Amino acid sequence: MVVIGGGPAGMAAALAAHKAGARVAIVEREQHPGGILRQCIHPGFGLSHFKQELTGPEYAQRFIDKVHATDIALFLNSMVLGIDSGEPAEDTAVHTVTLMSPAGMLQLTGRAVVLAMGCRERTRSEIKIPGSRPAGVFTAGLAQRYINIENLKPGSRAVILGSGDIGLIMARRCTLEGISVEGVYELMPYANGLRRNVKNCLDDFGVPLHLSTTVTRVIGHDRLEAVEVSQVDERLAPIPGTERIIPCDTLLLSVGLIPENELSVAAGVELDPRTRGAVVDQSLQTGVPGIFACGNVLHVHDLADNVTTESERAGAAAAAYALGTGAGAVPDCELTVSPAGIAGYALPGRITAVALTKLNFRVRRPVDAARVRILAGGVELFAGKVRPFKPSVMESFPLPAKVIKQALDLGASKIVLSVDPIEEA
Ligand SMILES: Cc1cc2nc3c(=O)[nH]c(=O)nc-3n(C[C@H](O)[C@H](O)[C@H](O)COP(=O)(O)OP(=O)(O)OC[C@H]3O[C@@H](n4cnc5c(N)ncnc54)[C@H](O)[C@@H]3O)c2cc1C
């Protein structure tokens, strides 16, 4: 079995597969395993998995040690260039993974492949900020790498655009490193990161958060000199007359992550336009038999602990497929899963077995009171408790086997996961 990516997702998948009896190789393009956690030197990891608060490198090291204690083959400094699944041939399909390594170009073959390539950050060009193109505009994760790994200081006076968790963590890191943070500016009328990060990273360090405000111009020739910020209306359009100039030499962008799926698409894997990750079934298998996906390449996670749990499932299922002991058997059913109401996505997108199924979803906007409902063929099969939901939190919902059976008995081909706000009376 070949695992692509040696971050927390790849390592957890590889360890679970190894435990299930598979022969496993991990391919990682960096010199070290650990993925993005190597640069996340702040605490907050491991609270659910290890019941202990760890930094990112500490969390990663626990898995690196476990991998080293096994005979899992680790190909470092090795970039996967492509996956060739050949003709889908019965149950003996073999995938060929081509990689470029210090030893030259290599090909590994596996009965199963786990995609665990993580995600990348959205850049200035993806959100189209007008203005000149001076030095000093960074994605927040790149600045995090400069400071925490390369020991480089990106600037002295920063503005942060976007209140996602990476932006909030970087507001605190910059402050601690002696970089003055003028403020965090957020397009939406609410903060996008976890509540605990708003408190620990902004409130505790006196960094102001400006909601419903965005950067509307980048100013500077060789180096950034200032940004123009404007308030936005309810349609998120800048309001003329509200422009302010904020002098700064650094603009950090924390404006979203995109699953790194070029390899997946080239391998014929279908993507869900909502998650920008693969469409998978309940065992996290993509539409290409024997190719599984987990972690941030599948959907963006806020907590590494959730990445680990999900990836252990993918690794165990991929091993069962590779060893011919489980997934990949004749499906029990074929149901699609769709989001509705304020649910932005629902994962898995397909259900092929009548069994307890973990559904993940995220809402598109915060609400104080809403209810999860499961529907099939226009009939409500389940209604959850009324409670608040936030876009920053990835939710999970255990879909009982009996609800899947009820949907099939109704002749439905689709299960709908709807999150419906309860309007005030
Ligand atoms: C900048 C940034 C900061 C973050 N900070 C936090 C945080 O503070 N706390 C938190 O809980 N979460 C944070 N996250 C979320 C974090 O990404 C996840 O919690 C977790 O690290 C995802 O694990 P992963 O293994 O899916 O991805 P990653 O950790 O990104 O690992 C993916 C690995 O795949 C490798 N790879 C990709 N393509 C190839 C290829 N073609 N060939 C070989 N190898 C390849 C990459 O080099 C990388 O090592 C952050 C994410 C980013 C992008």
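Residues numbered from 1 in each chain as written. Predicted model: local features only at pLDDT ≥ 70, side-chain atom pairs only at ≥ 80, totals over all residues. Heavy atoms only, no water.

**Thoughts on the overall build of the protein chain**
Note the cut-off: Only runs of H or I of at least four residues qualify as helices and only runs of E of at least two qualify as strands under DSSP, and these elements are numbered from the N terminus. For this measure, only C-alpha atoms enter the radius of gyration; the expected value for a globule follows 2.2 Å times N^0.38, where N is the number of residues. Think of it in three bands: residues with accessible area under 20% of the maximum for their type are buried, residues over 50% are exposed, and the middle band is partly exposed, with areas taken using a 1.4 Å probe on protein chains only. Note on definitions: a residue-residue contact is assigned when non-hydrogen atoms from the two residues lie within 4.5 Å. What sets the accessible areas is the Shrake-Rupley method with a 1.4 Å probe; for residues, cover comes only from the shown protein chains. We score Asp and Glu as negative and Lys and Arg as positive, and we do not count His or the chain ends. Lys charges are placed at NZ, Arg charges at CZ, Asp charges at CG and Glu charges at CD.
The number of helices and strands found in the protein chain is nine helices and 29 strands. Taking 22 Å as the expected radius of gyration for a compact globule of 425 residues, we find that the protein chain reaches 23 Å, a close match to that expectation. Here the C-alpha coordinates of the protein chain stretch approximately 65 × 65 × 40 Å along the principal axes. When burial is assessed residue by residue, the protein chain has 52% of its 425 residues classed as buried. Contacts in the protein chain between residues at least 24 apart in sequence constitute 61% of all its contacts with a sequence separation of at least 6. Surface exposure of the protein chain reaches about 19,000 Å², of which carbon and sulfur atoms provide 53%. Side chains of the protein chain give 41 positive and 44 negative charges; the mean places of these two sets differ by 3 Å.

**Considerations on the pattern of salt bridges**
Counted only if it meets this: Should a side-chain nitrogen of Lys or Arg be within 4 Å of a carboxyl oxygen of Asp or Glu, the pair is scored as a salt bridge.
Under the definition given, this model contains 17 salt bridges. We note a salt bridge from Glu-182 to Arg-157, for which the minimum N-O separation is 3.0 Å. One end of the pair, Glu-182, is in strand S13 (residues 180-185); the other, Arg-157, is in strand S12 (residues 157-161), with 25 residues separating them in the sequence. Classification of Arg-157 by relative accessible area gives partly exposed; the value is 36%. For the salt bridge of Glu-334 with Arg-350, the shortest nitrogen-to-oxygen distance reads 3.2 Å. Within this pair, whereas Glu-334 is found in the loop between helix H8 (304-323) and strand S21 (335-341), its partner Arg-350 is found in strand S23 (residues 350-351), the two being separated by 16 residues in sequence. Salt bridges linked by common partners bring Glu-30, Arg-145 and Glu-150 together as one network.

**Side note on the sheet that holds S13**
So the rule is basically this: Should DSSP find at least two bridges between two strands, the strands are taken to pair. To define axes, lines are fitted to C-alpha atoms, for helices over the stretch in contact only, and angles between the resulting N-to-C directions are given on a 0 to 180 degree scale.
Taken in spatial order, the five strands make up an open sheet running S11-S18-S12-S13-S14, and their pairing is parallel. Single-partner strands in this sheet number two, and they are strand S11 (137-139) and strand S14 (209-210). Relative to S14, S13 runs parallel, the two sharing two bridges. Bridged to Val-184 within S14 is Leu-209. Lying over the sheet, helix H5 (residues 165-176) contacts S12, S13 and strand S18 (250-253), oriented at roughly 165° with respect to S13.

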